[in-house]
Amino acid sequence: MHSCSFLKEYYSLPGPISSLFLPCNNGLQHFQAKMASSTSARQRHIKRVGKTMAVTEQHASRPRVVVTGLGLVTPLGHEPDVFYNNLLDGVSGISEIENFDCSQFPTKIAGEIKSFSIDGWVSPKLAKKADKYTLYLLTAAKKALADGGITDEVDGDYDKKKRGIIIGSSLGGFHLFQETIETMRESIKKIKPFSLPIGISNMGPAILAMDLGWMGPNYALSAACATSNFCILSAAGLITRGETDMMLCGGSDAAVVQIALGGFTACRSLSRRNSDPQKASRPWDIDRDGFVIGEGAGVLLLEELEHAKRRGAKIYAEFLGGSFTSDAYHITDPHPDGTGMNLCIKKALDQAGVAKEDVNYINAFASSTQKGDQREYQTLMDHFGQNPQLRINSSKSMIGHLQGASGAVEAIATIKAIETGWIHPNINLDNPDEGLDTNILVGPKKEQLDIKLALSNSFGYGGQNSSILFAPIK
């Protein structure tokens, strides 16, 4: 397809993915106009009965998107229930690094996965040559399919051309690249022939598609720490446009490796609380000294609502929409005025057709950095601070920062909060930043909450902002 006609095709379509292909200013204006029109056409109404909000929709122009499967690999467990129960109990997954000698590094702790098995999920042959991030991705994705009731027998009854995969990575195959660098020091002839192609960031979803036979859209997005949310938004856009009826989406990163640890150390981004690792990740606490690197994968199975109903799928929650923006400001620091974050949240609410007063739970990005935590908190207060029922927490206080996987893993935490009616604590919030409203931040114990509308944020290096919204299915 000629590039001009390609842009023209996407320019004429509503949905989050269109903004990926448009010039910044005109594309943003067109995106907002299309979303306003689409929301109006859908005739979304918010009704209140006492304190209960019900969301009803007449989808005249686009289908509804629901979550029907969850899969993950994390420092706190590899099953959604195990993972979320550990979060509810305030268990920390931060510990000393064991997989390599880190004695030369000033930071020696991470959200490292100590025990991981590919049994039943990845072939031993592939496991020998694939990067760790790919193994995490394949395992989480297949677990999401199994959780969604998609077996080989069931999958054969559906059109695989209408099924797609968008699972990204912030760092890609760093383990393979590390191994290749070390091999090159011995001899260039010893480099494995697939070390480059199998380590690049699109190879995870590509291998998964080969395994499943899914022939729909298949690619990886990379937006630093916002990667997962970008993938989820783009996958949902394909469903709402009718191009697919089912998508696997999320992110995977295996960042606990020498190259990454060294790079983040040079940026002076990491906590050095080596003597007390479980206290190292402390969002909004005045004594924080940086984030804690982590690893893992999170994958959501998204599906068109009527398609899910026809096959009798369990529906965890509805994906209402979201947005992504750019600070266009700095490589590592958020915009001091919160311009990009504010725009992102506003667009997310507008695109979903909901009011800010209806958001009563936020799983914040809150990675345990001074500037990032403060800027996000202020932005959230600007939008939602008048809601006395609002509760905010950070999963990173217990799992660390899973890089490109963080958004999907935290989306799963958000969805489990909707399902269970319990929200997890903020651990290590012993001495809150000055000016923080501790009545809004969740304390050291889990709390019950009837979630009406939940927001999950992810912000990344380069000023990449993303916000996504989930609600109980109505």
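Residues numbered from 1 in each chain as written. Predicted model: local features only at pLDDT ≥ 70, side-chain atom pairs only at ≥ 80, totals over all residues. Heavy atoms only, no water.

Under an unreviewed UniProt entry, the name given to the protein is beta-ketoacyl-[acyl-carrier-protein] synthase I, and the organism recorded is Theobroma cacao. In the Sequence similarities (unreviewed entry) part of its UniProt record, the protein is described as follows: "Belongs to the thiolase-like superfamily. Beta-ketoacyl-ACP synthases family." (UniProt positions renumbered as here; feature names shortened; annotations may be inferred.)

Enquirer: Help me get a handle on the overall build of the protein, residues and values and all.
Expert: Each helix and strand in the protein was counted, giving 15 helices and 16 strands. Expressed as a percentage of its 474 residues, the buried residues of the protein come to 59%. (Helix = DSSP H or I, 4+ residues; strand = E, 2+ residues; numbered from the N terminus. Buried < 20%, exposed > 50% of the residue type's maximum accessible area, 1.4 Å probe, protein only.)

Enquirer: For the packing of aromatic side chains, give the residues involved together with the corresponding values.
Expert: Scanning all chains against the criterion turns up seven aromatic pairs. Ring plane angle 90° and centroid distance 5.0 Å describe the contact between phenylalanine 116 and tyrosine 136, whose orientation is recorded as edge-to-face. In this pair, phenylalanine 116 is assigned in the loop between strand S5 (109-110) and helix H4 (124-129) and tyrosine 136 in helix H5 (residues 132-147), connecting sequence segments 20 residues apart. Relative accessible area serves as the criterion here: at 26%, phenylalanine 116 is assigned to the partly exposed category. An angle of 55° between the planes, with centres 6.3 Å apart, marks the rings of phenylalanine 264 and tyrosine 461 as tilted. (Phe/Tyr/Trp six-rings, centres within 6.5 Å; stacked < 30°, edge-to-face > 60°.)

Enquirer: Outline the side chain of lysine 396, supporting the account with residue identities and numerical values.
Expert: Position of lysine 396 relative to the elements: it lies in helix H14 (residues 396-399). Ignoring sequence-local partners within four residues, the contact set of lysine 396 consists of Ser281, Phe365, Ala366, Ser367, His401, Ser406 and Glu410. (Contact = heavy atoms within 4.5 Å.)

Enquirer: Any chance you could break down the pairing of strand S10 (residues 317-326) for me, citing the residues and the numbers?
Expert: Within S10, nine of the ten residues are buried, which leaves it mostly tucked inside the rest of the structure. Looking at chain direction, strand S3 (residues 65-73) and S10 are connected through three bridges and run antiparallel. Across the sheet, the residue bridging to valine 66 is glutamate 318, located in S10. Two elements, S10 and strand S16 (residues 464-471), share eight bridges in a ladder whose sense is antiparallel. (Pairing = 2+ DSSP bridges.)

Enquirer: Please give an account of the environment of histidine 401 that cites residues and values.
Expert: Relative to the helices and strands, histidine 401 resides in the loop between H14 and helix H15 (406-420). Residue classification places histidine 401 among the buried positions, given a relative accessible area of 2%. As a C-alpha pair, histidine 401 and glutamate 295 span 106 residues in sequence and 7.5 Å in three-dimensional space. The contacts of histidine 401, once residues within four sequence positions are left out, are Cys225, Phe291, Val292, Ile293, Gly294, Phe365, Ser367, Lys396 and Ser406. A polar contact is formed between the side chain of histidine 401 and the backbone nitrogen of glutamine 403, at a distance of 3.1 Å. (Polar contact = N/O pair within 3.5 Å; in protein donor to acceptor, adjacent residues only side chain to side chain.)

Enquirer: Pulling in residues and values, what's your account of the pattern of salt bridges?
Expert: Counting across every chain of the model gives 21 salt bridges. A salt bridge links arginine 288 to aspartate 373; the shortest N-O distance between them is 3.1 Å. With arginine 288 in the loop between helix H10 (258-266) and strand S9 (295-304) and aspartate 373 in helix H13 (residues 370-384), this pair connects stretches of sequence that are 85 residues apart. For arginine 288, a relative accessible area of 4% gives the class buried. Within the structure, one salt-bridge network assembled from shared partners comprises Asp81, Lys314, Lys416 and Glu419. (Salt bridge = Lys/Arg side-chain N within 4 Å of Asp/Glu carboxyl O.)

Enquirer: Account for the environment of proline 277, naming residues and giving values.
Expert: With respect to the helices and strands, proline 277 occurs in the loop between H10 and S9. A sequence separation of 166 residues divides proline 277 from glycine 111, and the C-alpha atoms of the two residues are 9.3 Å apart. For proline 277, the contacting residues outside a window of four places in its chain are Ile94, Ser95, Glu96 and Ile109.

Enquirer: Can you explain the packing of helix H3 (residues 80-88) against H15? Please cite residues and give values.
Expert: Running from N to C, H3 and H15 point in directions that differ by 80°, and their axes come no closer than 10 Å. With respect to H15, the axis of H3 lies roughly perpendicular. Here H3 contributes Pro80, Asp81, Phe83, Tyr84 and Leu87 to the contact with H15, which in turn contributes Val409, Ala413, Lys416, Ala417 and Thr420. A per-class count over the contact of H3 with H15 returns seven nonpolar, one polar and two charged. (Axes fitted to C-alpha atoms, helices over the stretch in contact; angles between N-to-C directions. Parallel < 35°, antiparallel > 145°, perpendicular 65-115°, else oblique. Nonpolar A, V, L, I, M, F, W, Y, C, P; charged D, E, K, R; others polar.)

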